[in-house]
Amino acid sequence: RDLHSFPTRRSSDLKNGKPINLRQFFISRIARIYPLYFAAVLLDLPHFVYTERRVTHAALSHTVETVVATFGLVQAWFPSLGGLDDPSWSLSTEAFFYLLFPILGLLLGKLTLRITAISSVVLYSAGLWLVWSLHATRQAYSPFPHLFVFVLGIHLAQMFRWVNEKGERRL
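Throughout this document, residue positions are counted from 1 along each chain, in the order its sequence is written. Local features are withheld for residues below a pLDDT of 70 in this predicted model, meaning they are given only at 70 or higher, and side-chain atom pairs are given and counted only at 80 or more; totals for whole chains, interfaces and linings count all residues. The basis for every side-chain value is the complete set of heavy atoms in the structure, and neither hydrogens nor water enter the calculation.

Participant: I tried to follow the overall build of the chain on my own but got confused; where do I start?
Facilitator: Here a strand is any run of E in DSSP of at least two residues, a helix any run of H or I of at least four, and the numbering for each starts at the N terminus. Helix and strand content of the chain: six helices and two strands. Listed N to C, the secondary structure of the chain is β-α-β-α-α-α-α-α in terms of helices and strands. Throughout this description, buried means an accessible area under 20% of the type-specific maximum (1.4 Å probe, protein chains only), exposed means over 50%, and partly exposed covers the range between. Classification of the 171 residues of the chain by burial places 35% in the buried group. Per-residue and other accessible areas were derived by the Shrake-Rupley procedure at a 1.4 Å probe size, with only the shown protein chains allowed to occlude residues. For the chain, the accessible surface area stands at approximately 11,100 Å², while carbon and sulfur atoms represent 67% of it.

Pasting the structure below:
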């Protein structure tokens, strides 16, 4: 397979191995989260600018960078920007994972069941330690410490697919 196609999320398509167009994948992901997100950020913008400029006396350049990063869904990628709306870090992280999925999906889909199972246990253990160690820092809101959960989800989806196949797979 090439980077322009990968299995869809529907189980019937996964079993048939039908590819999905990358362009359609990204359009669907954006359409799922961005309209409501855009409206919420737009509504919060006057309060944010007032607070940023009048209360915290932030530099105009930092305020503009934060606004642009927030509208671009990349604010969690740069912890110094924080974002207009603190809970939106999770959507920024989700957008990061959407960008990674086509590549990670192809790479992780090539692993054997045994490697997938072993790496799932390692990922889970190491990832929990990483998030725990970063808990009190702004880095905890970056997508990078949460990458293990995303990869673990892909692993579990692959194992679920293997279990549900008609033919038996062996470790």
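Participant: Can you help me understand the side chain of Thr93 in this one?
Facilitator: Inspection of the secondary structure assignment puts Thr93 in helix α4 (residues 89–108). Overall, Thr93 belongs to the buried group, its relative accessible area being 4%. Note on contacts: a residue pair qualifies if any of its non-hydrogen atoms lie within 4.5 Å across the two residues. In this structure Thr93 touches Ala76, Tyr141, Ser142 and Pro143, once residues within four positions along its chain are discounted.

Participant: What's the story with the packing of aromatic side chains in this structure? I'm lost.
Facilitator: Each aromatic ring pair is specified by the distance between its two centres and by the angle formed by the two planes. Here a Phe, Tyr or Trp ring, Trp counted by its six-membered ring, pairs with any other such ring whose centre lies within 6.5 Å, and the pair is stacked when the planes are under 30 degrees apart, edge-to-face when over 60, and tilted otherwise. One pass over the full model with this rule turns up 11 aromatic pairs. Between Phe25 and Phe26, the ring centres sit 5.2 Å apart and the planes meet at 70 degrees, which makes this aromatic pair edge-to-face. Assessed through its relative accessible area of 25%, Phe26 is described here as partly exposed. Relative to Phe150, the ring of Phe97 has its centre 4.7 Å away and its plane inclined at 10 degrees; by these criteria the two rings are stacked.

Participant: Quick question: what am I supposed to make of the pattern of salt bridges here?
Facilitator: Pairing is possible between side chains of opposite charge, provided their charged atoms come close. The working definition used for a salt bridge is a side-chain nitrogen of Lys or Arg within 4 Å of a carboxyl oxygen of Asp or Glu. Counting across every chain of the model gives one salt bridge. Close ionic contact of Arg32 with Glu94 constitutes a salt bridge, the shortest N to O distance being 2.1 Å. Here Arg32 is found in helix α2 (residues 22–55), whereas its partner Glu94 is found in helix α4, with 62 residues between them in sequence.

Participant: What should I look at first to understand helix α6 (residues 147–164) in this one?
Facilitator: Every α-helix winds through 3.6 residues per turn, so residues three or four apart in the chain are directed the same way. Along its 18 residues, α6 runs 26 Å from first to last C-alpha, staying within 8% of the 26 Å computed at 1.5 Å per residue. If you check which residues of α6 are buried, you get Phe148, Phe150, Val151, Leu152, Ile154, His155, Gln158, Met159 and Trp162. Here a helix's expected span is defined as the number of its residues, less one, multiplied by 1.5 Å.

Participant: For this particular structure, what's the right way to read the layout of surface pockets?
Facilitator: Picture a little ball the size of a water molecule; that probe, rolled over the atoms, points out where space is still empty. Only protein atoms enter the 1 Å grid, on which a cavity is a set of points fitting a 1.4 Å probe that cannot get out and a pocket is an open set with protein on both sides within 12 Å along at least 5 of 7 lines, lining residues being those with an atom within 4 Å of a point. Grid points are joined across faces, edges and corners, and a volume is the space filled by probe spheres set on the points. Estimates place the volume of the second largest pocket at around 200 Å³. In terms of lining, the second largest pocket is formed by Phe26, Arg29, Ile30, Ile33, Tyr34, Gly72, Leu73, Val74, Trp77, Ala95, Tyr98 and Leu99. Elements with a contribution of two residues or more to the lining of the second largest pocket: α2 and α4. Among the elements that make up the lining of the second largest pocket, the one with the highest residue count is α2 (five residues).

Participant: I would appreciate a short explanation of a nonpolar patch on the surface in the present structure.
Facilitator: Patches in this entry comprise residues that are over 30% relatively accessible and not in a salt bridge; like charges within 9 Å are linked, as are nonpolar side chains (Val, Leu, Ile, Met, Phe, Trp, Tyr) within 5 Å. On the surface, a nonpolar cluster with roughly 280 Å² of combined accessible area is contributed by Leu60, Val64 and Val68. Structurally, Val64 can be placed in helix α3 (residues 60–71).

Participant: Got a minute to help me understand unusual backbone geometry in this structure?
Facilitator: A negative phi angle is the norm for most residues apart from glycine, just as the trans form is the norm for most peptide bonds. One non-glycine residue, Leu73, lies in positive phi territory at about 60 degrees. Relative to the elements of secondary structure, Leu73 occurs in the loop between α3 and α4. In this structure Leu73 comes out as buried when scored by relative accessible area, which is 7%.

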